[in-house]
Amino acid sequence: MVIRFGDQADIETHHKVRAVSKHLAEHPFEGMVEYIPAFTSVTVVYDPVAIYLKDKSRSGKGEIRYPFESVERTLKKIMDALQEGTVPKPRVVKIPVCYGEEFGPDLEHVAELNGLSVDDVISIHSSGEYLVYMLGFAPGFPYLGGMDKRISAPRKDTPRLSIPAGTVGIAGEQTGIYPISTPGGWQLIGRTPSSLFLPHKQPPTLLEAGNVITFYPISRKEYEEWRE
Amino acid sequence: MSIYVHKPGLLSTVQDGGRTGYQQYGVIVSGAMDHFAHQAANLLVGNTGDEATLEMTVIGPVLEFERAAVIAVCGADLSPSIGGKAVPLWRPVYIPAGAVLRFGSSRQGCRGYLAAAGGLNVPHQMNSRSTYLRAGIGGYQGRSLQAEDRLPVQQPTELGELIAGGIQARMEEGEPFGTVGWSVSYEMLPDYGKHPVIRILPGAQQSWFEEESLKDLHSAEFIVQPQSDRMGYRLAGKPLHKVKQQELLSEPVTFGTVQVPPDGNPIVLMADRQTTGGYPKVAQVITADLPLLAQSQIGSSIRFQPVTLQEAQEIQLMASLNLRFLRKSIRMYFV
């Protein structure tokens, strides 16, 4: 079941998404499997059989509703009771990036495209604050908002077959980090030594929806030291 | 006890009901493609229903059982045999120690499920034993089986032991394996076949599509394309056209979501789908019919039929009652 808050990915909508997510995390209802926050919606996964059995055991007079009606009712109650302004301050995560060289083969291209120097691109990219709207596409991959349009660059015409984990890239007006090695068409500008996907930890990702991240440049030497 | 792999088959992976609870972190669900066959196989060997099974694709493995075991094979018929004698599907089978279970190529269907009493014993990662190939986690060392692997099996349940004892007692001397005279009723099985009719619900962006295209979706024939895999089934038929071009922000998708990329050829998302997608969703395959798709081979033709959410949930509840009935019947037969 999907709870929608309009179709604009803005801060106000994001706060509503976070408030519902926070409530569901703290008060999961019986039969709920999980919830998935996105730009403008929260998707709630439920087990219809579990909901059916729960409702059946509670309603004595044989008044059995369909599981989706029961979940709809539960979610409406949650939405009605939800108070504005319950969203906590976002956690800020600082991510080191070694820009350029073999880690960022498209850095010069992005600079040229925008009539900037390579140092300008690094300085603009590493001075922004980026909001993690949601995770998706790959484990721990953040959909980030807030990139400066001065360093935007279209995707490559032909995607690369494999982009190493930790690579930082730009696609259109978005920046992102590849948590695991995947094919992709982004313009690559650097690489972080931080791991974004941590399968043995709880939560299994460095970032969560609602975090704010900033990038800071590190040297090749610092990158190597970090990896060790 | 473990199972020694002589030949791995085309793509054999350990799967359970899937890695739920982590989609908000972008971690895909994975799990058995045919949930019905996976669960039925488990129930037949006295398991509770969601223990890890081996999903075998089109060409099955050759496996040696180091100790005696009770197994069940459900789903696709990958021509299993022991000592030259065909092993029947959809029923518990007792295998003596040292027996070699040979699968061949598919006679019918696409994915076979092998359950062993107790369940396959690989470590849990993020609450699941399912293999997530791209990230290399879960299952057997995060990958598909290879020759010389040793796949550990857990201790059977009490019911599993009773099934083993029950079948063994009635086995005749010199038989390569033992089994029972009954199997899961055909009426209980999903309507597997070469030309399945798959029931669908309207998708979140159904209204983005032309009236004519929706008619085509509900009546035309679609062919399963060669690029289809555990991630998604690519279909080709009459291309589906949108009324107007709109951009969609990425949002969650699920098992059975039918999304339509710009070329108009629908893709049905399957067990290894990404958690989110940015293509408009024209339809959603009902849970009870996902096994039909999971067993459709490349080149088979399928049709879609619209149903209401009420109907879909009734069908799903019936399917789950059927499985409960199966569990009870097995217990009554052996206890």
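Residues numbered from 1 in each chain as written. Chains lettered and ligands numbered in written order. Predicted model: local features only at pLDDT ≥ 70, side-chain atom pairs only at ≥ 80, totals over all residues. Heavy atoms only, no water.

If you look chain B up in an unreviewed UniProt entry, it shows as Biotin-dependent carboxyltransferase from Paenibacillus lemnae.

In the annotation of an unreviewed UniProt entry, the entry for chain A reads 5-oxoprolinase subunit PxpB, and the organism field reads Paenibacillus lemnae.

Caption draft 1: Looking closely at the overall build of chain B. A tally of regular secondary structure across chain B gives five helices and 21 strands. For chain B, the C-alpha radius of gyration of 20 Å lies close to 20 Å, the compact-globule estimate for 335 residues. Here the C-alpha coordinates of chain B stretch approximately 70 × 40 × 35 Å along the principal axes. Here chain B holds 335 residues, and 57% of them are scored as buried. (Helix = DSSP H or I, 4+ residues; strand = E, 2+ residues; numbered from the N terminus. Rg over C-alpha atoms; globule rule 2.2 N^0.38 Å. Buried < 20%, exposed > 50% of the residue type's maximum accessible area, 1.4 Å probe, protein only.)

Caption draft 2: Spatial organisation of the interface of chain A and chain B. Taken together, the contact between chain A and chain B spans 42 residues of the former and 31 residues of the latter. At the boundary of chain A and chain B, one finds one salt bridge. Here Glu251(B) ties to Arg4(A) by a salt bridge, and the two come within 2.9 Å at their closest N and O atoms. Scanning the region where chain A abuts chain B turns up eleven residue pairs in polar contact (both at pLDDT 80 or more). (Contact = heavy atoms within 4.5 Å. Salt bridge = Lys/Arg side-chain N within 4 Å of Asp/Glu carboxyl O. Polar contact = N/O pair within 3.5 Å; in protein donor to acceptor, adjacent residues only side chain to side chain.)

Caption draft 3: Structural view of the domain arrangement of chain A. All names here are of chain A. For chain A, the assigned domains read domain 1 (2-81) and domain 2 (92-227). Each of domain 1 and domain 2 has a C-alpha centre, and these two points are 33 Å apart. On the domain 2 side, the residues contacting the eight residues of domain 1 number seven residues. On the domain 1 side of the interface with domain 2, the three residues burying the most area are His14, Pro37 and Phe39, jointly 65% of the side's total. If you look at where domain 1 meets domain 2, you find zero salt bridges. (Domains from an automatic or database assignment. Buried area = accessible area lost by both parts, 1.4 Å probe.)

Caption draft 4: Spatial organisation of the sheet that holds strand β1 (residues 2-4) of chain A. Residues and elements named next belong to chain A. Spatially, three strands are ordered β1-β3-β2 in an open sheet, and the strand pairing comes out antiparallel. Each edge of the sheet is formed by a strand with only one pairing partner; in this case those strands are β1 and β2 (32-37). Here the strands of the sheet are splayed against their neighbours by 15° on average, with no regard to which way each runs. When β1 meets strand β3 (residues 41-46), the two strands line up antiparallel, connected through three bridges. Following the sheet pairing, Arg4 is matched in β3 by Ser41. Contacts from helix α3 (residues 67-81) reach β1 and β3, with the element oriented near 135° to β3. (Pairing = 2+ DSSP bridges. Axes fitted to C-alpha atoms, helices over the stretch in contact; angles between N-to-C directions.)

Caption draft 5: Representation of helix α2 (residues 158-169) of chain B. Residues and elements named next belong to chain B. In this model α2 runs 17 Å from its N-terminal to its C-terminal C-alpha over twelve residues, within 8% of the 16 Å that 1.5 Å per residue would give. Taken together, the buried positions of α2 are occupied by Leu159, Gly160, Ile163, Ala164, Gly166 and Ile167. Axial view of α2: buried residues confined to an arc of 170°, hence all on one face. Opposite the buried face of α2, at more than 90 degrees from it, the exposed residues are Glu158 and Ala169. Elements that come into contact with the buried residues of α2 comprise α1 (35-44), β5 (69-77), β8 (93-95), β12 (178-179) and α5 (309-334). (Expected span 1.5 Å × (residues − 1). Arc of directions from axis to C-beta.)

Caption draft 6: Layout of unusual backbone geometry. A cis amide bond links Gln202(A) to the next residue, Pro203(A), at an omega of -5°. For Pro203(A), the position within the fold is in the loop between β11 (187-191) and β12 (212-217). The phi dihedral of Met126(B) falls on the positive side, at around 50°, and the residue is not glycine. Assignment of secondary structure puts Met126(B) in the loop between β10 (108-116) and β11 (150-152). Given the relative accessible area of 8%, Met126(B) is considered buried. Positive phi, normally seen in glycine, also occurs at Asn127(B), with a value near 65°. Looking at the element boundaries, Asn127(B) is found in the loop between β10 and β11.

Caption draft 7: Expanded view of the pairing of strand β2 (residues 12-15) of chain B. All names here are of chain B. Side chains of β2 alternate between two faces, with Ser12 and Val14 and Thr13 and Gln15 buried alike. Note: β2 against strand β3 (residues 53-57), four bridges, orientation antiparallel. Residue pairing for β3: Gln15 is matched across the bridge by Thr53.

Caption draft 8: Up close: the packing of helix α2 (residues 48-58) of chain A against α5(B). As a packed pair, α2(A) and α5(B) sit with axes 10 Å apart at the nearest point and diverge in direction by 85°. Relative to α5(B), the element α2(A) lies roughly perpendicular. Contacts between α2(A) and α5(B) involve Pro48(A), Val49(A), Tyr52(A) and Leu53(A) from the former and Gln313(B), Gln316(B), Leu317(B), Ser320(B) and Arg324(B) from the latter. Along the lines of polarity and charge, the residues of the contact of α2(A) with α5(B) split into five nonpolar, three polar and one charged. (Parallel < 35°, antiparallel > 145°, perpendicular 65-115°, else oblique. Nonpolar A, V, L, I, M, F, W, Y, C, P; charged D, E, K, R; others polar.)

Caption draft 9: Representation of a positive patch on the surface. Together, Lys56(A), Arg324(B), Arg327(B) and Lys328(B) make up a region of like positive charge exposed at the surface. Top contributing element to the positive patch by residue count: α5(B), with three residues. As for its placement among the helices and strands, Lys56(A) is situated in helix α2. Lys56(A) gets classed as partly exposed once you look at its relative accessible area, which sits at 46%. (Patch = residues over 30% accessible without salt bridge, like charges linked within 9 Å, V, L, I, M, F, W, Y side chains within 5 Å. Areas by Shrake-Rupley, 256 points an atom, 1.4 Å probe, with all protein chains shown as cover. Lys, Arg positive; Asp, Glu negative; His and termini not counted. Charge placed at Lys NZ, Arg CZ, Asp CG, Glu CD.)

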